Amino acid sequence: MQYANIQVGISSWWGQGTQTDGRVAEELSASTGTNFRWALYYEMEGSGDPSVSQIQSDLTYILNHYGKDPSYLRVGGKFVVFAYSDTKDACGMADRWKQANTVGAYVVLKVFPGYAKCASQPNSWHQYSPAVAEDHQGSFSFSISPGFCLKGQAERLARDPNRWLQNVRDMIASGANWQLITTFSEWGEGTAVEPATQWSSASGYGQYLDALHTNGN
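The rules behind the values
Residues numbered from 1 in each chain as written. Predicted model: local features only at pLDDT ≥ 70, side-chain atom pairs only at ≥ 80, totals over all residues. Heavy atoms only, no water. Core = buried A, V, L, I, M, F, W, Y, C linked by side-chain atoms within 4.5 Å. Buried < 20%, exposed > 50% of the residue type's maximum accessible area, 1.4 Å probe, protein only. Helix = DSSP H or I, 4+ residues; strand = E, 2+ residues; numbered from the N terminus. Contact = heavy atoms within 4.5 Å. Disulfide = S-S within 2.5 Å. Salt bridge = Lys/Arg side-chain N within 4 Å of Asp/Glu carboxyl O.

Draft legend 1. Here's a closer look at the nonpolar core. Counting 56 residues, the largest nonpolar core has Y72 and W97 as the members making the most contacts within it. Ranked by residue count, the leading element in this core is helix α2 (residues 52-67), at six residues. Discounting chain neighbours no more than four positions away, the residues touching Y72 are L28, R37, W38, A39, L40, I62, Y66, G67, F79, V80 and V81.

As structure tokens, this is what we get:
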């Protein structure tokens, strides 16, 4: 990740005591002494509507267990949490998160139609759309994806290293506050940019990380 100029890893998190929760301490420990940081991706919002009390409990847990760690990402002193969403989410989701955030988290919600008009606004917004090569959400975020193909389904975004070079350049040129790569290691969706034999290179890191290393040049 550091070779690819990635500064932060956003780690999938399915709640207190889950398998993904059990990995966070090791991720933070592995980054000790480096400038690399971690944040969590709150997945439960993508499969339901967690209550205000549940979100509040989870944010408190994240703060107490991880948010104060030197390797955890903070913006303006606030620990950062990204949250997924589902196709039914609307402004009510933003309302719940605003009410629940009593611990001073820096919240980055996934966009939905009409998000900019919601009365309740998080700290920032992002899109998770790996079947799209580039996604630009104004000054909030710019996301790029190397390809997308779920097992058993038709390929929805073909891999193309030359296209990826342009995507990287576009992302950097955007100047967006969050410049996001979907993803480093989501092999199940075919979006990984981790080294693989399919895109090996002389550096040993692979063509996709090489492109990030050189800023697309």
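Draft legend 2. Region of the structure containing the environment of F142. By secondary structure assignment, the location of F142 is in strand β8 (residues 141-144). Judged by relative accessible area, which is 5%, F142 ranks as buried. Residues F142 and V193 lie 51 residues apart in sequence; the distance between their C-alpha atoms is 17 Å. Not counting the four nearest positions on each side in its chain, F142 is found in contact with E134, D135, H136, N167, D170, M171, S174, A176, W178, Q179 and L180.

Draft legend 3. Region of interest: the state of the cysteines. Summed over all chains, the structure comprises one disulfide. Note that C91 is cross-linked by a disulfide to C118, the S-S spacing being 2.0 Å. For the disulfide bridge between C91 and C118, the dihedral angle about the S-S bond is near -85°, and by the sign convention the bridge is left-handed. Taken together, the residues span a long stretch of sequence, with C91 in helix α3 (residues 91-100) and C118 in the loop between β5 (106-110) and β6 (124-126) at a distance of 27 residues. A relative accessible area of 6% places C118 in the buried class.

Draft legend 4. Structural detail: the pattern of salt bridges. Summed over all chains, the structure comprises three salt bridges. Measuring nitrogen to oxygen at the nearest pair gives 2.7 Å for the salt bridge that ties R96 to E45. With R96 in helix α3 and E45 in the loop between β2 (37-42) and α2, this residue pair connects regions lying 51 residues apart in the sequence. For the pair formed by R96 and E45, the shared burial category is buried. Close ionic contact of R96 with D89 constitutes a salt bridge, the shortest N to O distance being 3.7 Å.

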